[in-house]
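Chain by chain, the residues:
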Amino acid sequence: MKRSIIAAAGFLVFSGCQSFKYYDPNKPHRGKTQFYNNYDNSPKASFWKWQWERLTNNAPTEPPFQPEVLKTDTAYLKQNRTENTLTWIGHASALLQVEGLNILVDPVFSDRVSPVSFMGPKRQVALPFPIEELPPIDVVVISHAHFDHLDLPTLRKLAKQNDKALLFLVPLGLESLLKSEDIDNVKELDWWENTQVKNVTLTFTPAQHWSQRSLWDRNKTLWGGWYIQAPSLKFFYSGDTGYSKDFLDVFNRFGASDIAMIPVGAYEPKWFMKQQHVDPEQAVKMHLDLQSKLSIGVHWGTFRLSDEAMAAPPEDLKIALQKMNVSPEVFRVMKHGEVLKLKK
């Protein structure tokens, strides 16, 4: 563990000091010193103002958050090679089974999402199953560098318990971090780049967000989502994002998705969060932009990252769906540990 911390610290210092190797004058999001969004690069609202408001305002009392956690049928997931399924592990972590492949999305099995193990946002809901009960994993996709999406202890365990064929797909700038953890089968992608695994195509797509893991590496690594195309299924995961035209761009390139994972949490206070996280109403707009046949609300109910009540996102999603005349049957949330069998 000590070696791992030293290696990660070396990566952060080095990445903060070296010239920006991803600069490309033909790609506006790859600037001279950092990555940029496609549509909104206005200055982020003040984090410290938000923290001061939290300190000086009395937080409303909320009831205990005790959502149902299903006991996942991991034996079924281990033997399944024919049905397409989606399992919500919690927050933005999910297992997608498609065309016989097992694909993990932003897997986080740690108790905290933080650079240290003794402080930072703590898991509020028990894991539906331990990492050891996962089926053999073929691909891991990472959306961006934030600790609630890129969890190095989880990635190290996955690399150890799977064979070397396990492929880690990451945004530009993150390959060296994983390799500093002795994770070697890593491929980093730019927006709209793709790779093929058997008969499944995985494409990294734009989002409205940012990245940081230290004081020195803000926006030095890219962020985005994943479009996964198979003969029997078109799956989209947006990653963390504010609302932008990026999702019309995704639709115009790929057409309607069969299923989309869209964030619905971490949106209060809106004055601070709106550039980086959609609220449920904006999530419904994304659903409409994507023309998704079914959308699943994620990024809620697992870690306390913002000021809305832990149980609020599904309730606010119901209100938004009614307001925008969208059926709750086409945009829903899942229970922790739930396995959804997807029609081919």
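Residues numbered from 1 in each chain as written. Predicted model: local features only at pLDDT ≥ 70, side-chain atom pairs only at ≥ 80, totals over all residues. Heavy atoms only, no water.

Caption draft 1: Seen up close, the pattern of salt bridges. Here the structure, examined in full by the defined rule, presents 13 salt bridges. A salt bridge links Lys 341 to Glu 83, with the shortest nitrogen-to-oxygen separation between them at 3.8 Å. With Lys 341 in strand β14 (residues 339-342) and Glu 83 in the loop between α3 (74-79) and β1 (84-90), this residue pair connects regions lying 258 residues apart in the sequence. For Glu 83, a relative accessible area of 34% corresponds to the partly exposed category. Across the salt bridge formed by Lys 293 and Asp 258, the nearest N and O atoms sit 3.1 Å from each other. Taken as a pair, Lys 293 in the loop between α8 (280-290) and β12 (294-298) and Asp 258 in the loop between α6 (246-254) and β11 (259-263) lie far apart in primary sequence, 35 residues in all. A relative accessible area of 57% places Lys 293 in the exposed class. With a relative accessible area of 21%, Asp 258 lands in the partly exposed category. Through salt bridges with shared partners, one network takes in Lys 27, Arg 30 and Asp 190. (Salt bridge = Lys/Arg side-chain N within 4 Å of Asp/Glu carboxyl O. Helix = DSSP H or I, 4+ residues; strand = E, 2+ residues; numbered from the N terminus. Buried < 20%, exposed > 50% of the residue type's maximum accessible area, 1.4 Å probe, protein only.)

Caption draft 2: Fine view of unusual backbone geometry. Here the amide bond leading from Glu 268 into Pro 269 is cis, since omega sits at 0°, within 30 degrees of zero. With respect to the element layout, Pro 269 can be found in the loop between β11 and α7 (270-273). Notably, Glu 99 is not glycine yet its phi reads approximately 55°, a positive angle. Turning to its location among the elements, Glu 99 is positioned in the loop between β2 (93-98) and β3 (101-105). With a relative accessible area of 27%, Glu 99 lands in the partly exposed category.

Caption draft 3: Highlighting the packing of aromatic side chains. Within this structure, the stated rule accounts for twelve aromatic pairs. Relative to Tyr 22, the ring of Phe 20 has its centre 5.8 Å away and its plane inclined at 65°; by these criteria the two rings are edge-to-face. For the residue pair Phe 20 and Tyr 22, the accessibility class agrees, reading buried in each case. Among the aromatic residues, ring-to-ring pairing joins Trp 192, Tyr 227, Phe 236, Phe 247 and Phe 254 into one connected group. Across the ring face of Trp 210, the terminal group of Lys 44 is positioned such that the distance to the ring centre comes to 4.3 Å. Its guanidinium or amino end placed over the ring of Tyr 243, Lys 285 lies 5.8 Å from that ring's centre, counting from NZ or CZ. (Phe/Tyr/Trp six-rings, centres within 6.5 Å; stacked < 30°, edge-to-face > 60°. Lys NZ or Arg CZ within 6 Å of the ring centre and 35° of its normal.)

Caption draft 4: The environment of Ser 180, seen in detail. Relative to the helices and strands, Ser 180 resides in the loop between α5 (175-179) and β6 (186-189). Among the residues examined, Ser 180 registers a relative accessible area of 18% and is labelled buried. Within the local environment of Ser 180, its side chain forms a polar contact with the backbone oxygen of Leu 177, the two atoms lying 2.5 Å apart. (Polar contact = N/O pair within 3.5 Å; in protein donor to acceptor, adjacent residues only side chain to side chain.)

Caption draft 5: View of the environment of Lys 285. Looking at the element boundaries, Lys 285 is found in helix α8. For the pair Lys 285 and Ser 42, spaced 243 residues apart in sequence, the C-alpha separation works out to 21 Å. Not counting the four nearest positions on each side in its chain, Lys 285 is found in contact with Tyr 243 and Met 324. (Contact = heavy atoms within 4.5 Å.)

Caption draft 6: Quick look at the sheet that holds β2. Spatially, β6-β5-β4-β3-β2-β1-β14 is the arrangement adopted by the seven strands of the open sheet, whose pairing is mixed. Looking at strand neighbours, the two that pair on one side only are β6 and β14, the edges of this open sheet. On average, each strand axis in the sheet is tilted by 20° relative to the strand beside it, whichever way the strands run. With three bridges connecting them, strand β4 (residues 139-141) and strand β5 (residues 167-171) associate as parallel partners. Across the sheet, Val 139 pairs through a bridge with Leu 167, a residue of β5. (Pairing = 2+ DSSP bridges. Axes fitted to C-alpha atoms, helices over the stretch in contact; angles between N-to-C directions.)

Caption draft 7: Region of the structure containing a nonpolar patch on the surface. Taken together, the side chains of Val 116, Phe 118 and Met 119 present a nonpolar region at the surface, about 310 Å² in accessible area. One can find Val 116 in the loop between β3 and β4. Looking at Val 116, the relative accessible area reads 30%, which means it is partly exposed. (Patch = residues over 30% accessible without salt bridge, like charges linked within 9 Å, V, L, I, M, F, W, Y side chains within 5 Å. Areas by Shrake-Rupley, 256 points an atom, 1.4 Å probe, with all protein chains shown as cover.)

Caption draft 8: Just the side chain of Asp 289, in detail. When you line up the elements, Asp 289 lands in helix α8. For Asp 289, the contacting residues outside a window of four places in its chain are Tyr 243, Phe 247, Leu 248 and Phe 251.

Caption draft 9: Here's a closer look at the sheet that holds strand β8 (residues 200-205). Pairing is mixed across the open sheet formed by seven strands, whose spatial order is β7-β8-β9-β10-β11-β12-β13. One side of each edge strand has no neighbouring strand; the edge strands of this open sheet are β7 (194-197) and β13 (331-333). Averaged over all pairs of adjacent strands, the angle between strand axes in this sheet comes to 20°, irrespective of strand direction. The pairing of β11 with β12 spans five bridges and is classified as parallel. Looking at β12, one finds that Ala 260 is bridged to Ser 295.

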